[in-house]
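Okay, here's what each chain looks like letter by letter:
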Amino acid sequence: MIFQPMSKFRNFNCAPHKKFLAPLSPTTYFVIGLMHPRIINGSRRALQYLSCRTGNPIDDCWRCDPNWESNRQRLADCAIGFGKNAIGGGNGRIYIVDDNGDDDPVNPKPGTLRYGVIQTEPLWIIFARDMVIQLRQQLVMNSHKTIDGRGASVHIANGPCITIHDVSNIIIHGIHIHDCKPSPPGTIRDSPQHAGRWIESDGDGISIFASNDIWVDHCSLSNCHDGLIDAIHDSTDITISNNYMTHHDKVMLLGHSDAYLPDKAMRVTVAFNHFGEGLVQRMPRCRHGFFHIVNNDYTHWEMYAIGGSADPTIISQGNRFLAPNTRFDKEVTKREYTPESEWMHWNWVSEGDLMLNGAYFRPSGSGAGAATSYARADSLSARPASYVPYVTASAGTLTCRKGSQC
């Protein structure tokens, strides 16, 4: 275990610097012109600043920096959407995981991931090397933590996975999360001062419960027992971005139950993700709250892509939907357990989505204009759907090497 102060890097300017410049190829020039139309009439120097850029506003904020390893906490300035205020362990010390063990969930060893995530101080958690972490119990996180897998291949797999419970300011970035299993009831430490009894977990990849200001970015998730990412029980202000999700049935649940009314306050942005092979449904499945689904690439579903119940507001903008070849599974949307006489009043809006292979989105509601204006003001502005291949090309974990752009 190693701690290093990093607060001096917190205010690193997100604007690109001259030392990052590289000449533009004709193809890059064309793509950047598409992504940034206001730049077309700008100077060549302005265009050079964007030579490594794709139009993905998160990646364009930090990935051009070859010194990303020294400037890790710059990432905290790059969040967008409803989770834009999630700073994770920003302004905290660096904690280095050098032990992939999880021998004691009650008294974790220094150097393990569990020891880092339960601390009360803000920490930016990184990894000394490639590792697979097989947890004995769910990983219960404390507030103001970033788990940053850049520079290593880090898998949390083959056991219970991540629980974000009644906390705030969490960033999870660059982690492989797969083959997650339910944890048995048991005692788990959730802070240096407290260990308590926890019931069996569901086997989610990431479970978000009664928490706010959460950002999950550039993770690769697959094949978990329950959901890949579930957010319930009055959780809000969440961004789920740049993830690559595959080989799973019930992908993402946002909202606990139709009867749980506090989830009316839930706000979630789902942006720049790739929903890929082997997925079945719930990308996401929403209840009650407000959900902005923007510039994602849907290349596989077996039942439906976006579903919901209990009058959620769903704004779908600039997504690319490739329907399956099966004749009766081409509808993007599904209203769960509700007659049309009710769901016809829900605000479900498709704006600028690209429908391929017969895909179609069934809209509803009468407040589309107000709803999309709200999404733009509080979440982010969508790129045209034709740009989705560019802004999602790097979805999932990245290969980042010291001294090179990530």
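Residue positions are counted from 1 within each chain, in the order its sequence is given. In keeping with the model being predicted, local features are shown solely for residues with a pLDDT of at least 70 and side-chain atom pairs are shown and tallied solely at 80 or more, while totals for entire chains, interfaces and linings include all residues. For side-chain calculations, the full set of non-hydrogen atoms in the structure is used, while hydrogens and water are omitted.

**Digging into the pattern of salt bridges**
The line we're drawing: By salt bridge we mean one thing: a side-chain nitrogen of Lys or Arg within 4 Å of a carboxyl oxygen of Asp or Glu. Secondary structure elements follow DSSP: runs of H or I of four or more residues count as helices, runs of E of two or more count as strands, with numbering from the N terminus. Three exposure classes are used, based on accessible area relative to the maximum for each residue type with a 1.4 Å probe and protein chains only: buried under 20%, partly exposed in between, and exposed over 50%.
Within the structure shown, the criterion is met by 13 salt bridges. Residue Glu121 pairs with Arg93 through a salt bridge whose shortest N-O separation is 2.6 Å. Here Glu121, found in the loop between α4 (113–117) and β3 (123–127), pairs with Arg93, found in strand β2 (residues 93–97); they are 28 residues apart in sequence, far enough to count as distant. Classification of Arg93 as partly exposed rests on a relative accessible area of 33%. Between Arg287 and Asp258 there is a salt bridge, with its nearest N and O atoms 2.9 Å apart. Of the two residues, Arg287 is situated in strand β24 (residues 285–287) and Asp258 in the loop between β20 (252–254) and β21 (267–271); the sequence distance between them amounts to 29 residues. Of the residues examined, Arg287 reaches a relative accessible area of 12% and is grouped as buried. Look at Asp258 and you get partly exposed, because its relative accessible area is 38%. Members of the salt-bridge network, linked through shared partners, are Arg72, Asp148 and Arg150.

**Considering unusual backbone geometry**
With an omega of 5°, the peptide bond running from Met283 to Pro284 counts as cis. Relative to the helices and strands, Pro284 resides in the loop between β23 (279–281) and β24. Look at His247: it is not a glycine, yet its phi comes out positive at around 50°. Its location among the elements puts His247 in the loop between β18 (244–246) and β19 (248–250). Its relative accessible area of 44% is what places His247 among the partly exposed residues.

**A word on the state of the cysteines**
Basically, it comes down to this: Sulfur atoms of two cysteines make up a disulfide when they are within 2.5 Å.
The final tally for this structure, using the stated rule, is three disulfides. The disulfide bridge from Cys161 ends at Cys180, spanning 2.1 Å between sulfur atoms. Taking the sign of the S-S torsion, about -90° here, the bridge from Cys161 to Cys180 comes out left-handed. With a gap of 19 residues between them, Cys161 in the loop between β7 (154–157) and β8 (162–165) and Cys180 in the loop between β10 (176–178) and β11 (186–191) connect regions that are remote in the sequence. Linked covalently through their sulfurs, Cys400 and Cys406 form a disulfide whose S-S length is 1.5 Å.

**Focus on the nonpolar core**
Test applied: In this text, buried Ala, Val, Leu, Ile, Met, Phe, Trp, Tyr and Cys residues form a nonpolar core when linked through side-chain atoms within 4.5 Å.
Leu113, Phe127, Ile164, Ile206 and Met245 are the most contacted members of the largest nonpolar core, which has 64 residues in total. Counting residues per element, this core draws most heavily on β3, at three residues. Within the second largest apolar cluster, 24 residues are counted, among which are Cys61, Ile96, Trp215 and Phe272.

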